[in-house]
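# Examining the three-dimensional arrangement
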Amino acid sequence: MPETEHVEVRQSKISGAGRGLFARRDFSPGDLILSLDRPLVAEVEIERMLDTCAWCLQRSELDPEGRKLAASMGLPVGFIEVKVCTGCRRVVYCSKTCQSRAWKREHKHECKVIAPKERPDLPDGVRAVIKLLGRLKADPKDERILAISKFRPAGEASGLEALSQQNREKFDEFQMLALAAYKYTGEPKIAGSDSQALTKSLLSNIMSNAFELGSPLDGAEGGKLGIGFDPFLCNANHSCEPNATLVFNQPQTLLRALKPIKKGEEVLMRYVEETNPFSVRQADLREHYYFSCQCPKCKKGSKCQEDVFAKRPEELPAEYCKIADNLITRHEANLHNFFVPANDETAQLRMAALQAEAFSVSRRYTRYADEEEVKAALKMCINSGMWTWTREPVPQLCRQLFGLYIASGNPYRAFRLGLKRHFEITPKLHSQPFYPTRLIDLWAMSTVTNVLCGPMHQTIYDEFVQSGVSLRTVYFGFLLDLRDNLPKMYGMESPFGRVVEQTYAQLMANIGTSEAKIRELVKEVWPALEIIARKQRMSWPSLIDAFLDDERDATYAQCGETARTIFGRNFAVKPVKNQGQLSYTFVGTTAVLKFILSFRLEAGRIDPDVLKLAKEIHGGLVPDVEFCGHARTPAGKTLFVYKMPLLPGKDFWSIAGPDFHLDEGAVAKRNAMIKSLARYFARAYLKPQTVHAAVRKEQEEDALRRAAIMRKFLPEISAILDELEDNVPVLFGPFYRFVLTHADLSGASVLLNETTCEITGVVDWSGASVRPFAVDLPSLFLAGGAGGWWLTGKDDDNKEKDDAWREYPRRGELEEAFWAEFFVAACVTDSARERRTRRWHAEVAGKLATIIRFGFDRRADGSVSDRPLQENKDLLRAWFGNDKVVKEEEEKESSGVEYITETDEDEESSGVEDAPTAG
Ligand SMILES: [Zn+2]
Ligand SMILES: [Zn+2]
Ligand SMILES: [Zn+2]
């Protein structure tokens, strides 16, 4: 019998709502309002009939692989065994207890009806009605069942009629299903009722008032296992600002307070996802429950937090306008459900189409969703700049992707995404720490973290240790948090609570430390974890790809194993701190020897000829690289393995950055460094390489073509592009020097002496080639962010750190220092005017390379594609948008372009045309 003494059913004050549930005493958040042993109707959905217990709705994983995975995470689905009813072979039970309870109450009425082999599996609603009809036949006075037929809103004849007018299709479907149930049960006679009419109202009332039943422990898989309905519980009306929530404890069902509820106040729960925007909530309620919501939040319309976009609909970037235009026809029939208010009608339609597309993906059950599709929808939302991470359906898509990562055995990816959700998304959507989905998320995160603590993921574990985070402690943190909040929702006696308690007990038995001590450790580690979570930046080349498509998961562990084998026992092996995009690198150390082992994707392969040239020019600054053979990623990509000695010195970041405030000491360090870099550039300059005229021509055409693409894409920088186009013939002409170019100079690839700030080594030569002089010069001054330089720092600390690259208080000063040193080191002795022209050409070459490097997307092999990169538009605009072409006057003065001919130091290769290409 339901425990219902704390609530009563009365006429609701909500217009059109009929009856409602009212508190008979005060409730605090987490208090139990109502508890049922089992809802009157609890029905597994058709696809779960053979793997989910028809009584308690606990699911069993039938697929052996999935079962192993689930068991390894301690999930009940990995342990539950279901047995089929031998009478019908249509439904399964997890235990004798469940089977006998089900039989006594309902299955005896259904078993024979659904047994015939030629009969299809019947939908949940039909099966529910078949059982109810059987029960009524046995007891025609069963008040609880009869109450269903009088239920709102379709209860009275007028209700059904209203439905037939509102949604003819649904009405017809219900009529048909009811008829099926009526026929299959043999057109039963029920004393005192028109049994056919009764069947119709039972079916339509159940179908239009049912709530979802799912397991919290199945959360990652999508959760929903079936539908439930209870005439008493379903008196609780809907609100988009609910003060109570439903908890399904398989099969016990609870109603719990989310907020303080005063005696006499109406108890309100949610029927649809309340974090959705206004139009979506309304559409969902119309579609499934046949009413429009009049709650206080809905009365405000599209003005609440759920409806806020990051930008106004009119500001949708051009690229996404095109995408949206293509989607408008696809979602035409649904656009009104995703209505977005805007001043401009076109903008309105476009945003509705984007919403319709994203929601169409987010609403797929996780088990039917496709990882690529979910990612594509997420990228569309985030990269368009319109969605924030907390605006639906982005949170739903993240949740889905999290589940997909777990299902496909990618715990590391799941963990990263889970951190983002834990710190940045979920708390903003649901403030109560005991909110059901937050508890489910804590469980999922604790299991994923536990997996990462296993021996398969030693490398990942080590990496976190380096950042001051022990994943073991993080695991405790999630589990303790869950255990603290669980009693306020599911309770420790629920199947969920029991699993958590068991896990906790095992853990405590194995570690011999007190819980208080663990809590201290957790407290210490949590801020560092939060920093890691918030630092996860969407980085170039494609804003979000690097975050979503991190391939490292299994690769990390495997590379770690290989590294340990190659180095041998005597070495301590650790991954390096700043990992590259195309490589994964370990350092192996003994007391005296230090080596680097680098696993590189094909695009990051090192060309031995280029490396030889680099050693000729820069000597000991370039490491001796030994190729050790191949390895393979789990996806089957080839990895090239290289071993090299660890060069002395530290990377820029360890010495100078991130240092945003430039005191005199920092400026002196940067001056010393820039002079050392000037000498490095001079050495390459003094060894010009011969390049065939045809090759120069080809590169020239490519540069011009890209300048043209960029001109259309970013007209704001057309002054710079004019300048580039004018000078391209010089840069690729016979007299401009082509030299060995590293192409990826960054804070991570240049090593420095800690005291003198002189270069001690330059690593990662995989992108090096012979190119026009100075194309990688701007990377010293421009690029910021992880792996780049922050050479020039910033003085204004009111600005966001991420914007630091926009501020160059010391840039001019450092550039002057660079060139002064360069001209001395490169033995350039010509006139001041000629020097200016040299410097100008070098800078133009640099700008051109920068626009190509940052302005275009990359192909999978790392090469530059023809697609301009939307995500870096702002970056390029900031770098070049206000850049005045200052040299114009000087050029006029020198009567057109004056080629600098190579007549000085290196006669051997100067000005040679049509010579064969050098290595
Ligand atoms: Zn069961
Ligand atoms: Zn049966
Ligand atoms: Zn509402």
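Residues numbered from 1 in each chain as written. Chains lettered and ligands numbered in written order. Predicted model: local features only at pLDDT ≥ 70, side-chain atom pairs only at ≥ 80, totals over all residues. Heavy atoms only, no water.

## With respect to the overall build of the protein chain
Check the secondary structure of the protein chain and you find 31 helices and 24 strands. Within the protein chain, buried positions represent 55% of all 919 residues. Within the protein chain, residue pairs in contact and separated by at least 24 positions form 69% of the contacts whose partners lie at least 6 positions apart. Split by element, the accessible area of the protein chain, about 40400 Å² in all, is 51% carbon and sulfur. (Helix = DSSP H or I, 4+ residues; strand = E, 2+ residues; numbered from the N terminus. Buried < 20%, exposed > 50% of the residue type's maximum accessible area, 1.4 Å probe, protein only. Contact = heavy atoms within 4.5 Å. Areas by Shrake-Rupley, 256 points an atom, 1.4 Å probe, with all protein chains shown as cover.)

## Looking at the sheet that holds strand 21 (residues 759–762)
Pairing is antiparallel across the open sheet formed by 3 strands, whose spatial order is 18-20-21. Looking at the sheet topology across the chains shown, the edges are occupied by strand 18 (650–651) and strand 21. Note: strand 20 (residues 750–752) against strand 21, 3 bridges, orientation antiparallel. Counterpart to leucine 752 in the pairing with strand 21 is isoleucine 759. (Pairing = 2+ DSSP bridges.)

## Structural notes on the packing of aromatic side chains
Counted under the stated rule, the structure contains 25 aromatic pairs. Aromatic side chains phenylalanine 415 and phenylalanine 464 sit 5.6 Å apart centroid to centroid with 90° between the ring planes, which places their arrangement in the edge-to-face category. With phenylalanine 415 in helix 14 (residues 411–429) and phenylalanine 464 in helix 16 (residues 458–466), the pair connects residues that are 49 residues apart, well separated along the chain. By the burial criterion, phenylalanine 415 is buried, and phenylalanine 464 matches it. (Phe/Tyr/Trp six-rings, centres within 6.5 Å; stacked < 30°, edge-to-face > 60°.)

## Observations concerning the coordination of the zinc ion (ligand 2)
Those protein atoms acting as donors to the zinc ion (ligand 2) are Cys85 (SG), Cys88 (SG), His107 (NE2) and Cys111 (SG), and they sit at 1.9 to 2.4 Å. Seen from the zinc ion (ligand 2), its 4 donor atoms lie at angles of 106 to 113°, and the figure they make is tetrahedral. Between consecutive donor residues of the zinc ion (ligand 2), the sequence gaps follow C-x2-C-x18-H-x3-C. Considered together, cysteine 85 and cysteine 88 belong to a single accessibility category, that of buried residues. (Donors = N, O, S within 2.8 Å, 3.2 Å for Na, K, Ca; no water. Tetrahedral: all angles 85-135°; square planar, octahedral: opposite > 155°, others 65-115°.)

## With respect to the environment of leucine 593
Relative to the helices and strands, leucine 593 is located in the loop between strand 14 (583–589) and strand 15 (594–601). Residues leucine 593 and proline 645, spaced 52 residues apart in sequence, show a C-alpha to C-alpha distance of 8.2 Å.

## Focus: the packing of helix 3 (residues 124–138) against helix 6 (residues 168–184)
Contact geometry of helix 3 with helix 6 gives a least axis separation of 9 Å together with a crossing angle of 45°. Considering the angle they form, helix 3 stands oblique to helix 6. In this structure, helix 3 crosses over helix 6, and the sense of that crossing is right-handed. Contacts between helix 3 and helix 6 involve Val126, Val129, Ile130 and Leu133 from the former and Leu177, Ala181 and Tyr184 from the latter. (Axes fitted to C-alpha atoms, helices over the stretch in contact; angles between N-to-C directions. Parallel < 35°, antiparallel > 145°, perpendicular 65-115°, else oblique. Left-handed = near helix turned anticlockwise from the far one by under 90°.)

## Re the coordination of the zinc ion (ligand 3)
Taken together, Cys240 (SG), Cys293 (SG), Cys295 (SG) and Cys298 (SG) make up the full set of protein donors to the zinc ion (ligand 3), lying 2.2 to 2.3 Å away. Coordination at the zinc ion (ligand 3) is tetrahedral, judged from the 4 donor atoms that bind it and the angles of 102 to 114° they form at the metal. Of note, the zinc ion (ligand 3) draws all its donor residues from one chain, in the sequence arrangement C-x52-C-x1-C-x2-C.

## Digging into the sheet that holds strand 14
One open sheet holds the 5 strands; their spatial order is 13-14-15-17-16, and the pairing between them is antiparallel. Edge positions in the open sheet fall to strand 13 (572–575) and strand 16 (626–632), since each of these has one partner strand only. Neighbour-to-neighbour, the strand axes of this sheet turn through a mean angle of 25°, independent of strand direction. Direction of pairing for strand 15 relative to strand 17 (residues 638–645): antiparallel, over a ladder of 7 bridges. For leucine 601, the partnering residue across the bridge sits in strand 17 and is leucine 639.

## Focus: helix 16
Restricting attention to buried positions, one finds in helix 16 the residues Thr459, Ile460, Tyr461, Asp462, Glu463 and Phe464. Within two residues after helix 16, glycine 468 carries a phi angle of roughly 80°, on the positive side.

## What about the pattern of salt bridges?
One pass over the full model with this rule turns up 50 salt bridges. Residue glutamate 61 pairs with arginine 59 through a salt bridge whose shortest N-O separation is 3.5 Å. For glutamate 61, a relative accessible area of 17% gives the class buried. The class of arginine 59 is buried, set by a relative accessible area of 8%. (Salt bridge = Lys/Arg side-chain N within 4 Å of Asp/Glu carboxyl O.)

## Some details on helix 11 (residues 345–362)
Because each turn of an α-helix spans 3.6 residues, side chains separated by three or four positions in sequence point in the same direction. Helix length check: helix 11, at 18 residues, gives a terminal C-alpha distance of 26 Å against a target of 26 Å (1.5 Å per residue), a fit within 8%. Along helix 11, 14 of the 18 residues are buried, which leaves the element largely enclosed by surrounding structure. Structurally, the start of helix 11 carries an N-cap: the backbone nitrogen of threonine 346 is 3.0 Å from a side-chain oxygen of aspartate 344. (Expected span 1.5 Å × (residues − 1). Polar contact = N/O pair within 3.5 Å; in protein donor to acceptor, adjacent residues only side chain to side chain.)

## Notes on unusual backbone geometry
The peptide bond linking glutamine 250 to proline 251 adopts the cis configuration, its omega dihedral lying at 0°. For proline 251, the position within the fold is in the loop between strand 10 (244–249) and strand 11 (252–257). Across the junction of glutamate 392 and proline 393, the peptide omega takes the value 5°, indicating a cis bond. Within the element layout of this structure, proline 393 appears in the loop between helix 12 (371–383) and helix 13 (394–407). Phi at tyrosine 290 is positive, roughly 60°, even though this residue is not glycine. Along the chain, tyrosine 290 turns up in the loop between helix 8 (278–289) and helix 9 (296–299).

## Describing the nonpolar core
As a rule of thumb, nonpolar side chains are buried together in soluble globular proteins. Residues Phe415 and Phe496 are the most contacted members of the largest nonpolar core, which totals 89 residues. The residues that make up this core include at least three from each of domain 1 (40–229) and domain 2 (306–423). In this structure, phenylalanine 415 is in contact with Met445, Val448, Thr449, Leu452, Phe464, Leu471, Val474, Phe478 and Leu529, ignoring residues within four places of it in sequence. Core analysis: the next-biggest nonpolar cluster, separate from the first, contains 78 residues, Ala614, Tyr642, Ala817 and Ile852 among them. (Core = buried A, V, L, I, M, F, W, Y, C linked by side-chain atoms within 4.5 Å. Domains from an automatic or database assignment.)

## Digging into the packing of helix 14 against helix 17 (residues 471–485)
Two quantities define a packed helix pair, namely the angle between the helix axes and the distance between the axes. Interhelical geometry of helix 14 versus helix 17 gives an angle of 45° and a closest axis separation of 14 Å. The angle between the axes of helix 14 and helix 17 places the two elements in the oblique class. Here helix 14 runs over helix 17; the crossing is left-handed. Here helix 14 contributes Phe415, Leu419 and His422 to the contact with helix 17, which in turn contributes Leu471, Val474, Phe478 and Asp481. Of the residues assigned to the contact of helix 14 with helix 17, the class counts are 5 nonpolar, 1 polar and 1 charged. (Nonpolar A, V, L, I, M, F, W, Y, C, P; charged D, E, K, R; others polar.)

## Some details on the confidence of the model for the protein chain
Per-chain confidence: the protein chain averages 82 in pLDDT, with 84% of residues scoring 70 or above. Across residues 153–157, confidence stays below pLDDT 50; counting only partners more than four residues off in sequence or on other chains, it has 13 contacts. Note that residues 883–919 has pLDDT below 50 and, in this model, 58 contacts with residues that lie over four places away or in other chains. (pLDDT = per-residue confidence, 0-100.)

## Examining the environment of proline 140
Positionally, proline 140 belongs in the loop between helix 3 and helix 4 (143–149). On the basis of relative accessibility, which here comes to 26%, the residue proline 140 falls in the partly exposed class. Residues proline 140 and lysine 189 lie 49 residues apart in sequence; the distance between their C-alpha atoms is 9.7 Å.

## Examining the side chain of aspartate 307
The residue aspartate 307 is located in the loop between helix 9 and helix 10 (318–330) in this model. Salt bridges are absent for the buried aspartate 307, whose nearest opposite-charge side chain, arginine 391, sits at 4.5 Å. Side-chain polar atoms of aspartate 307 contact the backbone nitrogen of phenylalanine 278, separated by 3.2 Å. (Lys, Arg positive; Asp, Glu negative; His and termini not counted.)

## Thoughts on the environment of isoleucine 759
Here isoleucine 759 shows up in strand 21. Overall, the relative accessible area of 10% leaves isoleucine 759 in the buried class. Considering only alpha carbons, one finds isoleucine 759 and glycine 649, 110 residues apart in sequence, at a separation of 7.9 Å. In contact with isoleucine 759, other than residues within four places in its own chain, are Leu621, Ser676, Leu677, Tyr680, Val750, Leu751 and Leu752.

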